[in-house]
Amino acid sequence: MTGPIRKFYRHIVVVAGLFALLLGIGCVGYVLIEGWSWTDSIYMTVITISTVGFSEIHPLTHMGRVFTGVMIFLGIIATAYAFSALADVIVSGDFRSLLWRRRMQNRIDKLNGHFIVCGYGRVGEQVVNELLANKVPLVVIETMATLGPELEDLGVIPVEGNATDDTALLRAGIEKASGICCCLPNDSDNVYVVLTARALNPDLTIISRANSHESERKLQIAGVNHVINPYVTSGRRMARQLIHPNILEFMDVVMHRDEVDILIEDIGVSERSTLRDQTIEDTEVRRRLGANILAVRRPDGETFVNPGVEFALRAGDTLIALGTPEQLDQLATEAEDRKNAG
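The rules behind each value
- Residues numbered from 1 in each chain as written.
- Predicted model: local features only at pLDDT ≥ 70, side-chain atom pairs only at ≥ 80, totals over all residues.
- Heavy atoms only, no water.
- Axes fitted to C-alpha atoms, helices over the stretch in contact; angles between N-to-C directions.
- Helix = DSSP H or I, 4+ residues; strand = E, 2+ residues; numbered from the N terminus.
- Parallel < 35°, antiparallel > 145°, perpendicular 65-115°, else oblique.
- Left-handed = near helix turned anticlockwise from the far one by under 90°.
- Contact = heavy atoms within 4.5 Å.
- Nonpolar A, V, L, I, M, F, W, Y, C, P; charged D, E, K, R; others polar.
- Buried < 20%, exposed > 50% of the residue type's maximum accessible area, 1.4 Å probe, protein only.
- Polar contact = N/O pair within 3.5 Å; in protein donor to acceptor, adjacent residues only side chain to side chain.
- Pairing = 2+ DSSP bridges.
- Core = buried A, V, L, I, M, F, W, Y, C linked by side-chain atoms within 4.5 Å.
- Salt bridge = Lys/Arg side-chain N within 4 Å of Asp/Glu carboxyl O.

Peer 1: Honestly, the packing of helix H8 (residues 187–200) against helix H9 (residues 213–222) in this entry has me stumped. Any pointers?
Peer 2: Relative orientation and spacing of two packed helices are given, respectively, by the angle between their axes and the distance between those axes. Close contact between H8 and H9 brings their axes to 9 Å; oriented N to C, the two are set at 10 degrees. Considering their axes alone, H8 and H9 lie roughly parallel with respect to each other. Viewed along their axes, H8 and H9 form a crossing whose handedness is right-handed. In this structure, H8 uses Asp187, Asn190, Val191, Val194, Leu195 and Arg198 to contact H9, whose residues at the interface are Ser215, Lys218, Leu219 and Ala222. Considering only residue class, the contact of H8 with H9 consists of five nonpolar, two polar and three charged.

Peer 1: Can you walk me through unusual backbone geometry in this structure?
Peer 2: Across residues other than glycine, the phi torsion is negative in most instances, and most of the peptide bonds are trans. The phi torsion at Asp277 lies on the positive side, around 65 degrees, for a residue other than glycine. With respect to the secondary-structure elements, Asp277 resides in the loop between strand E7 (263–268) and helix H12 (280–283). If you check the backbone angles, Glu284 has positive phi at about 50 degrees while not being a glycine. Judged by its relative accessible area of 33%, Glu284 is partly exposed.

Peer 1: Help me understand the environment of Arg287, please; the structure alone is not making it clear to me.
Peer 2: By secondary structure assignment, the location of Arg287 is in helix H13 (residues 285–288). At a separation of 2.6 Å, a polar atom in the side chain of Arg287 contacts the side chain of Glu284.

Peer 1: Explain the sheet that holds strand E4 (residues 179–182) to me, please; I cannot follow it from the model alone.
Peer 2: By definition, the strands of a sheet pair up through backbone hydrogen bonds, in either a parallel or an antiparallel sense. Spatially, E3-E2-E1-E4-E5-E6 is the arrangement adopted by the six strands of the open sheet, whose pairing is parallel. Where the open sheet ends on each side, the last strands, each with one partner, are strand E3 (157–160) and strand E6 (226–228). Recorded for the sheet is a direction-independent mean angle of 15 degrees between the axes of neighbouring strands. As paired elements, strand E1 (residues 115–118) and strand E2 (residues 138–142) share four bridges and run parallel to each other.

Peer 1: Is there a simple way to explain the sheet that holds strand E8 (residues 292–297) in this structure?
Peer 2: Spatially, the four strands line up as an open sheet ordered E7-E10-E8-E9, and their pairing is antiparallel. Every other strand in the sheet has two partners, leaving E7 and strand E9 (303–305) as the edge strands with one partner each. The mean inter-strand angle of the sheet, taken between neighbouring strand axes irrespective of direction, is 25 degrees. Sheet topology places E8 next to strand E10 (residues 318–323); five bridges connect them, and they run antiparallel. Its bridge partner lying in E10, Val296 is registered against Leu319. Together, E7 and E10 form the strand contacts of helix H14 (residues 325–335), whose direction differs from that of E7 by roughly 5 degrees.

Peer 1: Where do I start with the nonpolar core in this structure?
Peer 2: If you look at soluble globular proteins, the nonpolar side chains tend to sit buried side by side. The biggest cluster of nonpolar side chains holds 29 residues, and the ones touching the most others in it are Ile116, Cys118, Val139, Ile141, Ile180, Val193 and Ile206. Residue assignment for this core shows that the elements contributing at least two residues are helix H4 (94–109), E1, E2, E3, helix H7 (166–171), E4, H8 and H9. If we skip the residues at most four places from it in the chain, Ile206 touches Ile180, Cys182, Val194, Ala197, Arg198, Gly223, Val224, Asn225 and His226.

Peer 1: Before we go on, may I ask you to explain the pattern of salt bridges in this structure?
Peer 2: Side-chain pairing between opposite charges can occur once the charged atoms of the two side chains come close. One pass over the full model with this rule turns up nine salt bridges. Its salt-bridge partner being Glu152, residue Arg103 comes within 2.9 Å of it at the nearest N-O pair. Placement of Arg103 in helix H4 and of Glu152 in helix H6 (residues 147–154) is noted, with a sequence separation of 49 residues between them. For Arg103, a relative accessible area of 39% corresponds to the partly exposed category. As a salt-bridge pair, Asp317 and Arg298 come within 2.4 Å of each other at their nearest N and O atoms. Of this pair, Asp317 sits in the loop between E9 and E10 while Arg298 sits in the loop between E8 and E9, and the two are 19 residues apart along the sequence. Of the two residues examined, Asp317 and Arg298, each falls in the buried class. Residues joined in a network through salt bridges with shared partners are Arg103, Arg107 and Glu152.

Quick look at the structure:
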């Protein structure tokens with residue numbers, strides 16, 4: 001539970017406890033001083049501390065009037081404190097923040113198969129932009145509360161908190177997510193997030209940033225599916241840009257859906273697929289659909305690049321295919337990959 005929510009509930013508990021204490025004191029006082037029944041004492045206490053102005057239900061003794069005056073005074077103080085606490089919550093923005101958090105949480109609770117990005121720094125921002133370009137449901141965990149409205153404006157559901165905290169991951173819907181990308185600047189924090197995420201969702205696809213070669217091995221042991229070192233990746237990209245500028249520019253165009261009608265996507269072959277146990281030649285994917293199968297990745301991780309026409313597809317294979325969005329959607333439908341179909 002975050003600070004503003006704790007503060008809000010703390011005010012409620014204090015105010016409720018204060019009025020309960022006054023009610024108890026008043027009831028006992030009227031029973032002992034006036035000798036009234038518990039029902040009459042409770043009623044008299046309520047109308048006294050609420051200062052509604054009703055007349056006494058029985059004539060009061062001198063001591064009873066003094067006690068009633070004290071109760072009225074205490075009731076005014078308690079009411080003033082209650083209004084002050086409420087005003088403090090509203091003026092400080094905590095109440096508005098609480099409602100906003102509840103609204104975000106309700107949206108997350110409706111998600112299924114979404115992606116989570118931990119950290120919205122320089123790397124995390126690029127990951128978010130790319131995922132948004134592909135129109136996938138996305139939740140971002142970030143410690144800086146000021147980034148919440150900005151992320152929401154982008155179409156992202158933000159979760160304020162530390163990704164190394166189990167509570168933040170659970171609030172982000174880790175148990176129903178399809179994948180998580182750990183973009184925290186500290187490698188040890190990424191390792192901790194990976195361990196927690198893998199324990200909460202064993203089937204999760206986990207991608208993590210690593211700043212050193214030593215950390216890559218630790219992240220793989222922790223359960224990461226793919227480790228990305230941004231420094232190594234950017235260095236290789238710069239070198240390849242020098243050597244093969246046209247190829248990389250073509251790949252950039254292909255990987256951005258909004259710029260051209262051709263994409264590269266990975267599509268899984270299910271047990272019920274019509275492509276199962278058929279050769280690439282038998283499937284006639286190129287002739288019928290217009291899509292091209294560039295590579296096939298087996299469940300054990302073995303990858304076959306540019307497979308021949310006699311290559312047999314199996315259930316569990318992942319097809320790396322090139323084509324238009326419509327062609328790839330049709331291929332995904334035949335492969336019964338519900339993640340990409342339609």
